[in-house]
Amino acid sequence: MLLLIWLLCSFSSPPSSLCCAQKEIYAKEGQDITLEPTSYPAQSYVYWYFERQDGHQLAWLNPLGGKGFSNDEKWTNRLSLTGASLVIKNLQKDLFGTFVCKISAGGRDSITVFKVIQVNVIEKPASPLLSGDYLSLTCSLGSVPQNTPEIYWLSPRGNREGNKGTVYIPARSEHHGKWDCVVKINGKEKKFPVSVTVVDLAPVPSHQYTSTDSPLTIPCSLIPGVTWEQVKNKEIEEVQWHFAPKLSSGTFSDQPKQLFSLDLEKLTWKKVQDNDKGLSPVYNIKKGNLSLTKSKATVGDRGRYTCSMKFKNDRTLKTTVDVVVLEIITHPKTIIYGQQVNLSCSTGEQLPNDMKLNWTLPKTSSPYILYPTHITVPEVGKGDNGKWGCELLQGGNKLTSVEILLKIEPRLSVWMLVIICSAAVILLLLLVLAFIHYRRRKQKKRLHRHRLCQCKNPKPKGFYRT
Ligand SMILES: *[C@@H]1O[C@H](CO)[C@@H](O)[C@H](O)[C@H]1NC(C)=O
Ligand SMILES: *[C@@H]1O[C@H](CO)[C@@H](O)[C@H](O)[C@H]1NC(C)=O
Ligand SMILES: *[C@@H]1O[C@H](CO)[C@@H](O)[C@H](O)[C@H]1NC(C)=O
């Protein structure tokens with residue numbers, strides 16, 4: 001019996017080292033926090049203290065709902081109670097520390113101790129950064145907690161970055177956005193976000209695929225969220241578009257031509273007249289869209305396009321796009337019934353191994369042998385009139401496609417003969433008519449002269465002999 005009582009007692013009263021419930025709260029300067037005691041029985045008196053039990057009293061609450069708050073200047077307008085929970089608004093540097101909550105009910109006190117630990121998040125230098133500048137982020141604790149938490153950074157793409165709460169990397173477009181300092185303890189995470197702005201051009205796909213019957217858009221834009229104001233603050237000097245044509249050797253001309261330059265005051269493009277390729281800038285330059293477009297691509301558009309922004313001290317940001325234009329070529333150019341015709345589909349260069357072409361023939365056409373890049377039609381017939389198409393595929397995805405309308409000219413031997421013969425017949429007829437006309441006139445003249453002789457110079461009838 002004694003043993004039982006002893007056992008009950010020793011279990012019901014906690015060991016002295018664990019006088020009370022302990023909680024650790026991580027917070028950043030300027031944040032609002034809510035401290036919630038472990039239990040709040042009915043009919044209890046609630047007391048909140050700062051730094052220690054029976055220290056500076058911050059707030060009290062009685063069972064009738066009466067409450068009061070500290071009139072100390074540094075706490076004014078910061079404190080409120082939600083139930084027994086203490087809400088502290090806009091936490092300042094000197095307000096981090098230990099908070100104690102004592103709840104008295106039925107002669108029993110229950111005490112909860114809150115350690116509010118300051119998390120310092122520092123970005124240096126402050127945003128915006130120019131791409132290539134070093135981005136330095138640190139996340140540290142203002143006081144030492146009982147159990148050391150794990151601290152690390154998550155990049156805007158959600159990757160863990162840096163070492164022990166420190167990130168030091170050259171800033172790139174992918175670093176633009178919300179970073180989170182994560183404080184992790186006992187499997188629980190608390191995130192402290194900081195927003196990083198990197199002045200850069202948004203990444204673009206390395207190749208743009210189009211065809212001779214499709215539009216062309218060459219992308220280039222500021223990272224969404226970056227403003228021209230921020231770009232100008234980084235001392236921008238010029239923004240340009242250049243074009244290097246693709247040479248027959250498969251390389252690009254090493255003397256790119258300037259296509260456009262941006263008027264930085266008006267934010268409008270100035271075209272370089274000599275290098276007009278029929279491309280026009282899109283209208284939302286003010287929103288950072290620097291792309292160029294054209295309603296129909298041509299083979300002459302094949303090449304490398306570079307969009308560049310030059311800043312003070314020769315720092316340049318650029319994106320490069322290689323434009324690939326698919327085209328169907330027929331040989332010969334004018335096609336006549338019965339002829340042999342070759343069609344080839346090409347981007348003007350050898351296709352990479354992971355790409356292939358897929359032909360589509362007019363429904364009425366015969367099933368010709370389809371080679372990867374060309375078709376030979378031994379003798380074109382009526383069924384070959386219509387649309388011939390070719391798709392450029394990569395791993396099952398269609399990159400672009402092109403179609404041509406094959407118009408087959410009538411066979412020379414029938415129509416040409418008819419035309420030639422008719423022409424010859426008409427010519428002959430004309431000649432005959434002309435000849436007849438000529439003869440008639442000649443005859444008329446002769447007749448006329450005869451008659452004149454008879455009338456004007458009448459010769460005496462009969463003969464006179466002298
Ligand atoms: C820029 O404009 C082009 C053409 O209107 C459009 O296709 C493209 O999506 C735009 N880019 C961005 C980043 O808004
Ligand atoms: C078509 O191609 C074949 C070989 O691919 C060639 O022998 C033939 O001369 C070509 N015909 C024409 C009309 O180009
Ligand atoms: C090739 O084109 C035909 C007709 O458009 C289509 O049915 C077929 O799926 C295409 N093949 C591939 C590999 O995409």
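Keep in mind that what you see is a predicted model, and the values were worked out from it rather than measured. (Residues numbered from 1 in each chain as written. Chains lettered and ligands numbered in written order. Predicted model: local features only at pLDDT ≥ 70, side-chain atom pairs only at ≥ 80, totals over all residues. Heavy atoms only, no water.)

1. Notes on the site of ligand 1
Phase 1 of the analysis: Around ligand 1, the surrounding shell consists of S221, V282, N289 and S291.
Phase 2 of the analysis: A distance of 2.3 Å separates an oxygen atom of ligand 1 from a polar atom in the side chain of N289.
Phase 3 of the analysis: Contact with the protein chains covers 40% of the free accessible surface of ligand 1, which is 360 Å².
Phase 4 of the analysis: By residue class, the composition of the shell around ligand 1 is one nonpolar, three polar and no charged. (Near = heavy atom within 4 Å. Polar contact = N/O pair within 3.5 Å; in protein donor to acceptor, adjacent residues only side chain to side chain. Areas by Shrake-Rupley, 256 points an atom, 1.4 Å probe, with all protein chains shown as cover. Nonpolar A, V, L, I, M, F, W, Y, C, P; charged D, E, K, R; others polar.)

2. With respect to the state of the cysteines
Simply put, disulfide is the name for a covalent bond between the sulfur atoms of two cysteines.
Phase 1 of the analysis: In total, this model carries three disulfides according to the counting rule given.
Phase 2 of the analysis: Residue C139 pairs covalently with C181 via a disulfide, S to S 1.8 Å. Looking along the S-S bond of the C139-C181 disulfide, the torsion reads about -70°, which is the left-handed sense. With a gap of 42 residues between them, C139 in strand β11 (residues 134-141) and C181 in strand β15 (residues 177-185) connect regions that are remote in the sequence.
Phase 3 of the analysis: For C139, a relative accessible area of 5% gives the class buried.
Phase 4 of the analysis: When its relative accessible area of 0% is taken as the criterion, C181 is described as buried.
Phase 5 of the analysis: Disulfide partner of C220: C307, at an S-S distance of 2.0 Å. Classification of the bridge connecting C220 and C307 rests on its S-S torsion, roughly -60°, and on that basis the disulfide is left-handed. (Disulfide = S-S within 2.5 Å. Helix = DSSP H or I, 4+ residues; strand = E, 2+ residues; numbered from the N terminus. Buried < 20%, exposed > 50% of the residue type's maximum accessible area, 1.4 Å probe, protein only.)

3. A few points about the pattern of salt bridges
Phase 1 of the analysis: Inspection of the entire model under this criterion finds 12 salt bridges.
Phase 2 of the analysis: For the salt bridge of K246 with E349, the shortest nitrogen-to-oxygen distance reads 2.8 Å. Taken together, the residues K246 in the loop between β20 (236-245) and β21 (257-263) and E349 in the loop between β28 (341-346) and β29 (355-360) connect sequence positions 103 residues apart.
Phase 3 of the analysis: Take E349: its relative accessible area is 35%, and that puts it in the partly exposed class. (Salt bridge = Lys/Arg side-chain N within 4 Å of Asp/Glu carboxyl O.)

4. Quick look at the sheet that holds strand β16 (residues 188-196)
Across a sheet, strands are paired by hydrogen bonds formed along the backbone, either parallel or antiparallel in direction.
Phase 1 of the analysis: Pairing is antiparallel in the open sheet, where four strands are placed in the order β13-β12-β15-β16. Taken across any chain shown, the strands that pair with only one partner, and hence form the sheet edges, are β13 (160-161) and β16. (Pairing = 2+ DSSP bridges.)

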